[in-house]
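Descriptive structure summary
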Amino acid sequence: MFYRESGDFKSNYAADQQTFPIKFDRIGVAIFLVFAFFIVPFIINDYWEKSIIVPVLVWSLAALGLNILTGYCGLVSLGTGGFMAVGAYASYKLTTSFPELNMFLVILFSGGITALVGILFGLPSLRIKGFYLAVATLAAQFFLIWLFNKVPWFYNSSASGMITVPERTIFGIAVTGSNSPPWATYLFCLIFVVVFAVIARNLTRGRLGRSWMAIRDMDIAAEIIGVAPLSAKLSAFAISSFYIGLSGALFFSVYLGAAEPTEAFGIDKSFLVLFMIIIGGLGSIFGSFIGAAFMFLLPVLFKNIMVGGFGWPTDMVQHLIFMLVGALIMFFLIVEPHGLAQLWRVTKEKLRLWPFPH
Amino acid sequence: MNTAENTSEALLSLKNISLSFGGVKALTDISFDIKKGEIRAIIGPNGAGKSSMLNVINGFYHPQEGEVWFNGNLRGSLKPHEIARQGIARTFQNIALFKGMSTLDNLMTGRITKMHANIFWQAIWKGKAEREELEHREKVEHIIDFLEIQAIRKTPVGRLPYGLQKRVELGRALAAESKLLLLDEPMAGMNVEEKEDMCRFVLDVHEEFGTTIALIEHDMGVVMDIADRVVVLDYGRKIGDGFPDEIRADQNVIDAYLGVSHD
Amino acid sequence: MSPVILNTIEVILNGLMTGVMYSLVALGFVLIFKASGIFNYAQGVMALFAALTLVGFQTGQVPFSHLINVIFGTNYHNWSNGINTFLAIVLTMLVMIALAWLVERVVLRHLVNQEQIILFMATIGLAFFMEGLGDLMWGANIKVLDVGLPSGGSFWLEDVTREWASEGSEYYGMYIDVLDVWAAGIAVVLVIALTIFSQYTKTGRALRAVADDHQAALTVGISLRTIWVVVWSIAGFVALVAGIMWGSKSGIQFSLSLIALKALPVLILGGFTSIPGAIIGGLVIGVGEKLFEFGIGPLIGGATENWFAYVLALLFLMFRPQGLFGDKIIERV
């Protein structure tokens, strides 16, 4: 009874166009944000930070990025791992070459550099589409990883070939390196995620978002009514890569601390992010978050139950998770191609009309 | 014939257009014009090249020979979206709506050539971007009222029935506020009532907005009723051009429709 | 002849042999794509799965033994010392047919009329599922597959080529794995058999009809579902052959499915609907990556085989999006 739309009339277009048109949603989101910013930092511990919250935040950014490209613009990419690597290596080079550079700027510049690389590999999308493009993005994935493995400049010629983040502080508090307190890394990531989620929402509901969706739904008609395919597709590639670059930079510098390209940014990461947006919901900002949380936490949960609880061997549980993930992907594509976000929306719609469904 | 005078009063004129696909001739040496403010029908049997003609007009196909004059200027080699910007909008024979988007978003996309806020303002949804969004929303709401589709404003168009989809598509083309509106079989597959509705909309658009319209239609009753002038194509050639009454009496046209063999 | 030329020839020959392997996987893709418009990402994993199953039967493993042992506290591993290789191949083929039937029944049937890209992503899900299933059934340890094909270098070729080399040069002869030659021979036989099948049998004609036009094929009474099962079975057979060849060569392991990813650029070169295209594309990629690694690899750090095929496909797409043998795409509205 409390969750209602009826009676909540809009008297102007601005009110009608807001992100959360229902009052109850607005209050809920506000409470959630207050909790995330002002309560969680005081109660977060090392386990929750390292194993659950920070990775979910970082993967959410990657999922947001791929969702802009795949969910909104309809261009499937299997190069996400490679683009995350670009972000990671950019942040590494920036922190080591310019020790004084503020960490916020480092992450943002890393995103910018990734955007440029994304545009470069997005150029073929002007001529090819569908899975042709998916295969073309594999070139980005394999070439970039090879590059970071083979060119010593990228890893400052370190003996192991790995990159390790130096300690950097913001207002005197470490956000990277092993001395950083959990609440600091958490807040650092949270700020990026919240700000860029809002920006993603704004971009996708305006002119740019509509031009992406028009290309996705029917590219020829879109061009004929005045959408310039060049700028629509390249902007999708650029912005998507920017997000993925942010995510890669945070993944490396805040979460992992040290990385080796094949292990940290392999093709399996590209698939992981793709699965996040399929399960979460293609073309949904909210879906990117639940998809990322779901796909990251599901294996964690299974491992805890089966390995920790039943004492089953780890590799076997790993195989079971593979099967489960594969089955879930097929299930969602068959039953609900719009993913968990759509299920949530349908539930809300039912709730909103309850108890009078017609 | 004085060319200069001819182009000044015509909104669009086509001169000696020929189009072929790897040896197959789709259009051969076609010339006609569309005057400002008129409803111009293009008719002809199936495969006569009508849709190809529209595709040439909005630049999706580039003819091998001939000139297209629009709004008094000779058109160079432009991409379809640049041509849309010059003021040509269209609907499609097989509905080409953006199925994943709502009616409202489809119409807003129709206005895309008129929106200019840069990416920064769009990202923060303030200033120019927000103002622009509201301004265009108002224009689009006007069209929604006009076409009587208020109830389906927020419905994804993929879920709408065929007749309504056709109407939304007309709305999207109208939203562009173009100088020239191309309608490719707007009444195909409709029943009598839906056709009447659609005719009313086309005529209302013509009167209320003064839009020039080029229209492909198979229903001769409709064509003869609403068109100011008619051009007839057959096998990629122009076989008739004139007022509806003249066309009705034209022996060539009658032959084409009744299927007299070509020698 | 100077050793450099001989070395180059050897690289090209080895490239051709690798290319044959790529072609074998690509062939499976083309068959399924032609009949159902599905770009079956799982084709590579099918090869892995087939090879795993074959070894499992050969050595008499109990399927799912790990799972059973863990749940019931038992200790089963093998139910016999293994069975005859031929019988094992037949049994594996039956498993592949059952799999084809299941895929049609559980997945494809519900995805009719979906967009191609959705189907593509569904097959990625299928690939993950089968990868987990294969490992769960037969264990994830690296296995040796031996079906009795000869392998190792050819001494005859080494002797002959050593004599070709110019007097006094230190050249030890060409190394070509006999197994690769066998694989090439089998691939040729397979292609001929498939061609005969599709040209001269009733089912083959139905297949071609479906490939041409689904709707029209339905109206003349061809059952699309049966055809799909048949096609996936044939693709399963091709996967089995590819699995045997790859498995005999480098053992059965997860990387097999990654190697199979290389079939994707092969398809881009050859076009998705052309069987000769798949073969020539495979050979071009095989030779190209070996020559590139041989000529340019040492200058830029080596291991260029990781990306060469994909970058070649990418460049190729920029200039000829329809592939070597595809028809020019005319877009209409």
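Residues numbered from 1 in each chain as written. Chains lettered and ligands numbered in written order. Predicted model: local features only at pLDDT ≥ 70, side-chain atom pairs only at ≥ 80, totals over all residues.

Here we take up the overall build of chain A. Within chain A, the secondary structure is distributed over 15 helices and 4 strands. Taking 358 residues into account, the globule formula puts the C-alpha radius of gyration at 21 Å, and chain A, at 21 Å, falls close to it. Principal-axis analysis of the C-alpha atoms gives chain A an extent of 70 × 50 × 45 Å. When each of the 358 residues of chain A is scored for burial, the buried share is 50%. For chain A, long-range pairs separated by at least 24 residues make up 76% of all intrachain contacts whose partners lie at least 6 apart in sequence. (Helix = DSSP H or I, 4+ residues; strand = E, 2+ residues; numbered from the N terminus. Rg over C-alpha atoms; globule rule 2.2 N^0.38 Å. Buried ≥ 20, exposed ≤ 12 C-beta atoms within 10 Å, placed from the backbone. Contact = placed C-beta atoms within 7 Å.)

Adjacent strands of a sheet form backbone hydrogen bonds with each other and so pair up, either parallel or antiparallel. All names here are of chain B. Taken in spatial order, the 6 strands of this open sheet run β6-β7-β8-β3-β9-β10, and their pairing is mixed. Only two strands of the sheet have a single neighbouring strand rather than two, namely β6 (88–90) and β10 (237–242). The mean inter-strand angle of the sheet, taken between neighbouring strand axes irrespective of direction, is 20°. Two strands pair when backbone bridges link them, and strand β3 (residues 39–43) and strand β9 (residues 229–234) are joined in this way by 4 bridges, in the parallel orientation. Bridge pairing in β9 places isoleucine 42 opposite valine 231. Relative to the sheet, helix α2 (residues 50–57) contacts β3, β6, β7 (180–184), β8 (212–216) and β9, its axis offset from that of β7 by approximately 155°. (Pairing = 2+ DSSP bridges. Axes fitted to C-alpha atoms, helices over the stretch in contact; angles between N-to-C directions.)

What follows covers the interface of chain A and chain C. In this assembly, 35 residues from chain A lie in contact with 43 residues from chain C. For the side of chain A that touches chain C, the secondary structure elements donating two or more residues are α6 (130–150), α9 (219–224), α12 (267–280) and α14 (314–335) of chain A. If you tally residues by element for the side of chain A that touches chain C, the top one is α14 of chain A, at 13 residues.

Residues and elements named next belong to chain B. Of all the 5 residues making up β7, 5 are buried; the element is thus mostly covered by neighbouring parts of the structure. Looking at chain direction, β6 and β7 are connected through 3 bridges and run parallel. Across the sheet, the residue bridging to isoleucine 88 is leucine 180, located in β7. The pairing of β7 with β8 spans 5 bridges and is parallel.

Right, let's get into the sheet that holds strand β2 (residues 24–35) of chain B. All names here are of chain B. In space, the 4 strands of this open sheet follow the order β2-β1-β4-β5, with antiparallel pairing throughout. The strands lining the two open edges of the sheet, one partner per strand, are β2 and β5 (73–74). Strands in contact with α2 are β1 (10–21) and β2; relative to β1, the strand with the most contacts, it is inclined by about 115°.

Moving on to the environment of glycine 209 of chain A. All names here are of chain A. Mapped onto the secondary structure, glycine 209 falls in helix α8 (residues 207–217). C-alpha of glycine 209 to C-alpha of alanine 232: the two residues are 23 residues apart in sequence and 8.9 Å apart in space. Look past the residues within four positions of glycine 209 in its chain and what remains in contact with it is Tyr72, Leu203 and Thr204.

In a regular helix each residue adds 1.5 Å, so 12 residues correspond to 16 Å; helix α15 (residues 308–319) of chain C covers 17 Å between its end C-alpha atoms and thus fits that length. Among all positions of α15 of chain C, only Phe308, Ala309, Tyr310, Ala313, Leu314 and Leu317 of chain C are buried. Buried residues belonging to α15 of chain C abut α6 of chain A together with α12 (263–270) and α13 (275–295) of chain C. (Expected span 1.5 Å × (residues − 1).)

Moving on to the nonpolar core. If you look at the biggest cluster of nonpolar residues, it comprises 287 residues, and the most contacted ones within it are Leu250 of chain A together with Val231 of chain C. Per-element tally for this core: the top contributor is helix α10 (residues 224–250) of chain C, with 16 residues. If we ignore the near neighbours within four places in the chain, the residues touching leucine 250 of chain A are Val58, Leu61, Ile107, Cys189, Phe192 and Tyr255 of chain A. (Core = buried A, V, L, I, M, F, W, Y, C linked by C-beta atoms within 7 Å.)

Okay, the environment of valine 151 of chain A next. Within the secondary structure, valine 151 of chain A is located in the loop between α6 and β1 (163–164). For valine 151 of chain A, a count of 13 C-beta atoms within 10 Å puts it in the partly exposed group.

Residue and element names in this part refer to chain B. Confidence along chain B averages 88 in pLDDT terms, with 95% of residues attaining 70 or more. Ranking the elements of chain B by mean pLDDT puts helix α1 (residues 3–9) last, at 47, and helix α4 (residues 103–110) first, at 94. Note that residues 1–8 has pLDDT below 50 and, in this model, 7 contacts with residues that lie over four places away or in other chains. (pLDDT = per-residue confidence, 0-100.)

Next up on the list: the packing of helix α7 (residues 178–200) of chain C against α10 of chain C. Geometrically, a packed helix pair is captured by the angle between its two axes and the distance between the axes. Residues and elements named next belong to chain C. It is at 10 Å that the axes of α7 and α10 come closest, and there the two elements cross at 175°. Comparing the axis directions of α7 and α10 gives the class roughly antiparallel. Contacts between α7 and α10 involve Leu179, Ala183, Ile186 and Leu190 from the former and Val238, Val241, Met245, Ser248 and Lys249 from the latter. (Parallel < 35°, antiparallel > 145°, perpendicular 65-115°, else oblique.)

It is worth spelling out the pairing of β1 of chain B at this point. All names here are of chain B. With 8 bridges connecting them, β1 and β2 associate as antiparallel partners. Pairing of phenylalanine 21 across the sheet is with valine 24, part of β2. Where β1 folds back on β2, the antiparallel hairpin that results is connected by 2 residues, among which glycine 22 adopts a positive phi of roughly 45°. Relative to strand β4 (residues 65–70), β1 runs antiparallel, the two sharing 5 bridges. In the strand pairing of β4, leucine 14 is matched with valine 68.

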